[in-house]
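Working through the structure, step by step
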Amino acid sequence: MFAVEARGLVKKYKTKTAVKGLDLSVEEGELFALLGVNGAGKTTTIRMLCCLSTPTEGEGFICGNSVLSQQDEVKRIIGISPQDTAVADKLTVRENLIFMAGIQGFEGEKKADAVEKMIKIFKMQDCADQKAASLSGGWKRKLSIAMALIGEPKVLFLDEPTLGLDVLARRELWKVIKELKSRITIILTTHYMEEAEALADRIAVMVNGELKAVGTLAELEALTGQTGLENAFVAIAEGGDEV
Amino acid sequence: MKRAKIFGGRCLKEMLRDPLSYIFCLGFPLIMMVIMTIIDQSIPEGKGPDIFHIGNLTAGIIVFGLTFTMLFTSINVAHDRGGSFLVRMYATPMKSTDFILGYIIPSFIIAVAQTVVSIVSAVIVSLITDGDIGISVLAGFIPIIPSALMFIGFGLIAGTLLSEKGAPGICSVFISLAGMLGGIWFDPESTGGVMLTVSKCMPFYYCTKSTRAAIAGDFSFDAFLLPLIVVIACAVAALILAGKLFKTKMKADLA
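Notes on the structure follow. (Residues numbered from 1 in each chain as written. Chains lettered and ligands numbered in written order. Predicted model: local features only at pLDDT ≥ 70, side-chain atom pairs only at ≥ 80, totals over all residues. Heavy atoms only, no water.)

Secondary structure assignment for chain B yields 11 helices and zero strands. In chain B, the succession of α and β elements from N to C terminus is α-α-α-α-α-α-α-α-α-α-α. Computed over the C-alpha atoms, the radius of gyration of chain B is 19 Å, within 12% of the 18 Å expected from 2.2 N^0.38 for a compact globule of 255 residues. Across its three principal axes, chain B shows a C-alpha extent of roughly 65 × 35 × 30 Å. For chain B, with 255 residues in total, the buried portion stands at 52%. Sequence separation of 24 or more characterises 79% of the internal contacts of chain B that already satisfy a separation of 6 or more. If you sum the accessible surface of chain B, you get close to 10,700 Å²; carbon and sulfur atoms cover 73% of it. Seen as two clouds, the 18 positive and the 15 negative side-chain charges of chain B have centres 18 Å apart. (Helix = DSSP H or I, 4+ residues; strand = E, 2+ residues; numbered from the N terminus. Rg over C-alpha atoms; globule rule 2.2 N^0.38 Å. Buried < 20%, exposed > 50% of the residue type's maximum accessible area, 1.4 Å probe, protein only. Contact = heavy atoms within 4.5 Å. Areas by Shrake-Rupley, 256 points an atom, 1.4 Å probe, with all protein chains shown as cover. Lys, Arg positive; Asp, Glu negative; His and termini not counted. Charge placed at Lys NZ, Arg CZ, Asp CG, Glu CD.)

This is the structure we're talking about:
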């Protein structure tokens, strides 16, 4: 059983088809990057897999649970950190985590332990009692990911987690994501080549709603005859090769 | 229900940590109470309108305060909808009823607290000015419960349908309408005519009328019971509509 599976996912809006028959499968514990330029269909794909958008056609599965017919089960085993930092601004870091743990059904000691664990993993001890509104962009992103993780999801969706962050904050966040690797399945969308290169086990390239290529960096380089992800990506995006 | 309680707790904290909620929900109505009492005290007995006597004014002040609960409910909902916060929450096991109750409960708690503060202040003002407030002031709570729910329903509707900028705008229109036509700052029955007819078409009028009657200890059908029935009907309608709209909007967001 795959952690994430998409079979012929299509998303059509009135005048546009955002995702065109997407097929992919992600192994348990894998960090899978969906790479593409703005408007490639990455966020729409994630939304469909998180039950945030109904596919026009096709089907998605999270750990064998259908995103169409088993939404309650899916929502219990996923965590999402949306593109914009979705935190409660007037609550402190700790209160945000307590809130999210409660929503995920944690109580008493389990809830307190989960909160402290997240504060420790994300090294938020110094800002734990600071209101979210006063955090920098990087810390807000960390909090957003911690909130997604606190429910101990089997699959974590990170939608453009480092968008708009400075290089130091980005590297810091990469470190956290790397530490999570293999303990949990992560689907990450990004349009930063170096991010996919640094973090992902496998990379999927999306262009205009279509999955053009999937593979490890070495496989994508071999496919395109190019060195480096950026060159391989450009070749795929312009050439339309598929693996 | 557990998730609604947790979500409501978060909404309550966010509302209580906004200084503007204190200024508008408590400060402004209380300042108006003091100003109107000073005006009332400055007018020779029998020369001015009865509406500014503390016994009558209290009902208006309470209903005026509730209009700001509507405003802050709408801001809360519109703010959540405007950002990614609700997107995150939609991906959790929360149901639409959890969201709706989660928005209603904290606003209702604030409305009740606001009413308590207004009544205590009115009693103090009454003692200082030798006013006409008696123990029946406590009966003011009876019509305030459906009135608060009605205003919260309006706030939820505005926050669901409009943006973070649009929702407060439309609520300000409602606040002005309530002030002018709801019998808060003047008694439409003393003017009669078109003014009274238009006022009677507004639910606010019945909130103030039933509260004013309850505080005065007048529980007659015309003064208290009939307006109370209208307020209850409006509250039920507003909450049902708000719930349906929120569910529809949520479904559309997830389409």
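A separate point is the packing of helix α5 (residues 137-149) of chain A against helix α6 (residues 167-180) of chain A. Residue and element names in this part refer to chain A. Across the interface, α5 lies against α6 with an axial gap of 9 Å and an inter-helix angle of 20°. Overall, the two elements α5 and α6 adopt an arrangement that is roughly parallel. Crossing angle aside, the handedness with which α5 passes α6 is right-handed. When α5 is examined against α6, the residues Gly-138, Arg-141, Lys-142, Ile-145 and Leu-149 are found in contact with a partner set consisting of Ala-169, Glu-172, Leu-173, Val-176 and Leu-180. (Axes fitted to C-alpha atoms, helices over the stretch in contact; angles between N-to-C directions. Parallel < 35°, antiparallel > 145°, perpendicular 65-115°, else oblique. Left-handed = near helix turned anticlockwise from the far one by under 90°.)

All names here are of chain A. Residues other than glycine seldom take positive phi values, yet Cys-51 does so here, at roughly 65°. Tracing the sequence through the fold places Cys-51 in the loop between α1 (42-49) and β4 (57-62). Since its relative accessible area comes to 2%, Cys-51 is described here as buried. A positive phi is found at Cys-63, a non-glycine position, where the angle reads about 50°. Inspection of the secondary structure assignment puts Cys-63 in the loop between β4 and β5 (65-66).

Honestly, that's just the spatial picture; any functional story needs more than this.
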